[in-house]
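Take a look at the letters that make up each chain.
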Amino acid sequence: MADAPSAASNKAVTSVYNDVKEYYGKTLKQTSDLKSNACVPSAKAVPAYVRRVIAEIHPDVVAKYYGCGLVIPECLEGCKVLDLGCGSGRDCYMLSQLVGEKGHITGIDMTEDQLKVAQMYIDYHMQRFGYKKPNVNFVHGYIEALAEAGLEEKSYDIIISNCVVNLSPDKTSVLKEAYRVLKDGGELYFSDVYSDARIPEDLKANKVLWGECLSGALWWEDLIRLAEEVGFCKPRLVTASVITVGNKELEKLLGDYKFVSATYRLFKLPKVSEKRSCLVMYNGDITGVEESFEFDVQFTFKADKVTEVDDDVANILSNSRFAEEFTFQPQGVNTSASGGCWAKPKAVSMNPFELVQQLGSASVTPSTGGCCADQESCCK
């Protein structure tokens, strides 16, 4: 049995761990037991290849799924992936099929009752996937203390998390530990609940509000600040959906606070002295997104089409697992591939609350717009 993290010695923090274990291990038996709508579906349509993968997962595992988004980053084949707060293992088994037999998934969770469900079905899923040996394992431990759980530095290509960081009483440690165990060029791709302002201590003390992923939610601006303080590049917003609580008693307690479910990409990249924007062309070789790769709300890369990217995205693409999926060309260099014209990104808000409002307008879409309809503005 894993002990609580050594840094979490005070009674208040230990109480949070115990309350969350009780809520997700004993109180909730299945998704329908949730008391709010915080665990909402993904804002993005679920691709057909993902629906096929989810259909292969045992019903008992799916029944205890409490996620608030869809955590399937692209370009997964052969990757080593860590799931923070894996629960019953639904996302682990989903990704197990996508990384393939040469890849590996590790799930970590502090709730023994959830882990028992996850571990119970390892053999079932490996046989169903046709794997000779398991490419999944589960660890009992805390997401704030991955070292204490035996997870080594720079050992994972990707980390995912689905509606779990909000439950942690020490979110800075979660991000620090994630940064530590990621390889250089690695990515933290996670969905979580965010608030439009900092939540006061009296609401944080409410066990139901915390267990329902509401009062422990980060103010979205604090996520941006914490991520960059830890060392990650500036977070890239992937999706955002409004959360309606759907419980009058809880709504009365929460007052005017608003919440969204949002998915972000955080990359661990080398520090470069000079970053430059450039032109990139997606090669169309990533499984499941061969024609069009939606990187975030601002950039959608269409196969064999040249797109202008800013210095941050250029740095991400060229120093991560996506490097081999793109052809790169510095700005100002003539190319027959672009034909003197290329797609430019649309102005889309990185504030998830503003984004949700923008998406309510037919004139705004979370994608990269083409520029060739206006040769003058595009080719300057």
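Residue numbers run consecutively from 1 along every chain, following the written order of its sequence. For a predicted model such as this one, the threshold for reporting local features is a pLDDT of at least 70, and the threshold for listing and counting side-chain atom pairs is 80 or more; totals across whole chains, interfaces and linings nevertheless cover every residue. By convention in this description, side-chain values take in all heavy atoms of the structure and omit both hydrogens and water.

(A) Structural view of the packing of aromatic side chains. Only Phe, Tyr and Trp rings take part, Trp by its six-membered ring, and two of them pair if their centres are within 6.5 Å. Stacked means planes under 30 degrees apart, edge-to-face means over 60, and tilted covers everything else. Scanning the model with the defined rule gives 18 aromatic pairs in all. Ring centres of Tyr-121 and Tyr-124 lie 6.2 Å apart, and the angle between their planes is 85°; this geometry places the pair in the edge-to-face category. Classification of residues uses two cut-offs on accessible area relative to the type maximum, computed with a 1.4 Å probe and protein chains only: under 20% is buried, over 50% is exposed, and between them is partly exposed. Owing to a relative accessible area of 11%, Tyr-121 belongs among the buried residues under this scheme. Between Phe-326 and Phe-328 the ring centres are 6.3 Å apart and the planes differ by 45°, which places this aromatic pair in the tilted class. On the basis of relative accessible area, Phe-328 is assigned to the partly exposed category, the value being 31%. Taken together, the ring pairs in this structure connect Phe-267, Tyr-282, Phe-293, Phe-295, Phe-299, Phe-301, Phe-322, Phe-326 and Phe-328 into an aromatic cluster. Across from the ring centre of Tyr-179, 4.8 Å away, lies the NZ or CZ of Lys-268, which sits over that ring. Any Lys NZ or Arg CZ found within 6 Å of a ring centre and within 35 degrees of that ring's normal is scored as a charge over the ring.

(B) Up close: the state of the cysteines. Two cysteine sulfurs form a disulfide in these notes if their separation is within 2.5 Å. Considering all chains together, one arrives at zero disulfides under this definition. With no disulfide of its own, Cys-79 lies closest to Cys-75 among cysteine sulfurs, the gap being 6.3 Å.

(C) Local environment of a negative patch on the surface. A surface patch of like charges, here negative, comprises Asp-285, Glu-290, Glu-291 and Asp-304. Runs of H or I in DSSP of at least four residues are treated as helices and runs of E of at least two as strands, each being numbered from the N terminus. With respect to the helices and strands, Glu-291 occurs in the loop between β9 (278-282) and β10 (292-294). Exposure above 30% relative accessible area and no salt bridge define the residues that can form patches, which grow by joining like charges within 9 Å and nonpolar side chains of Val, Leu, Ile, Met, Phe, Trp and Tyr within 5 Å. Accessible areas in this description were obtained via Shrake-Rupley with a 1.4 Å probe; residue shielding takes into account the shown protein chains only. The salt bridge definition used is simple: a Lys or Arg side-chain nitrogen within 4 Å of an Asp or Glu carboxyl oxygen. Under this rule, positive means Lys or Arg and negative means Asp or Glu; His and the chain ends count for nothing. We put the charge of a Lys on NZ, of an Arg on CZ, of an Asp on CG and of a Glu on CD.

(D) Expanded view of the environment of Asp-296. Relative to the assigned elements, Asp-296 resides in the loop between β10 and β11 (300-302). The spatial distance from the C-alpha of Asp-296 to the C-alpha of Arg-236 is 6.4 Å, given a sequence separation of 60 residues. Each polar contact in these results corresponds to two N or O atoms within 3.5 Å; when the atoms are within protein, one needs to be able to donate a hydrogen and the other to accept it, and residues that are neighboring in sequence are counted only if both atoms are side-chain atoms. Reaching out from Asp-296, the side chain makes a polar contact with the side chain of Arg-236 at a distance of 2.8 Å. Among the polar contacts made by the side chain of Asp-296, one reaches the main-chain amide nitrogen of Phe-299 at a distance of 2.7 Å.

(E) Region of interest: the sheet that holds β9. Paired strands are those between which DSSP finds at least two bridges. One open sheet accounts for three strands, arranged β12-β9-β13; its pairing is antiparallel. Each having just a single partner strand, β12 (306-309) and β13 (326-330) make up the two edges of the open sheet. Strand-to-strand twist in this sheet, taken as the mean axis angle between neighbours without regard to direction, amounts to 30°. To obtain an axis, a line is fitted to C-alpha atoms, over the contacting stretch when the element is a helix, and the angle between two such axes runs from 0 to 180 degrees between their N-to-C directions.

(F) Spotlight on helix α13 (residues 352-359). Buried residues of α13: Pro-352, Phe-353 and Leu-355, and no others. Each buried residue of α13 lies within a common arc of 160° when the element is viewed along its axis, so the set occupies one face. Check the buried side of α13 and you find it contacts β5 (182-195), α10 (220-230), β7 (236-243) and β8 (259-267). By the N-cap criterion, in which a side-chain oxygen at the helix start approaches the backbone nitrogen of a residue two or three places on, α13 is capped by Asn-351, the distance to Phe-353 being 2.8 Å. Here, the arc refers to the directions that run from the helix axis to the C-beta atoms. Contact definition: two residues touch when any of their heavy atoms are within 4.5 Å.

(G) Main features of the pattern of salt bridges. A full pass over the atoms with the stated rule returns 14 salt bridges. Between Asp-222 and Arg-198 there is a salt bridge, with the nearest N and O atoms lying 2.7 Å from each other. Taken together, the residues Asp-222 in helix α10 and Arg-198 in the loop between β5 and α8 (201-204) connect sequence positions 24 residues apart. A residue is classified by how much of its surface remains accessible, and Asp-222, at 7% relative accessible area, is buried. The closest approach of N and O atoms between Glu-201 and Lys-204, which form a salt bridge, is 3.6 Å. One end of the pair is Glu-201 and the other is Lys-204, both in helix α8 and three residues apart, which spans about a single turn. The exposure class of Glu-201 is exposed, given its relative accessible area of 59%.

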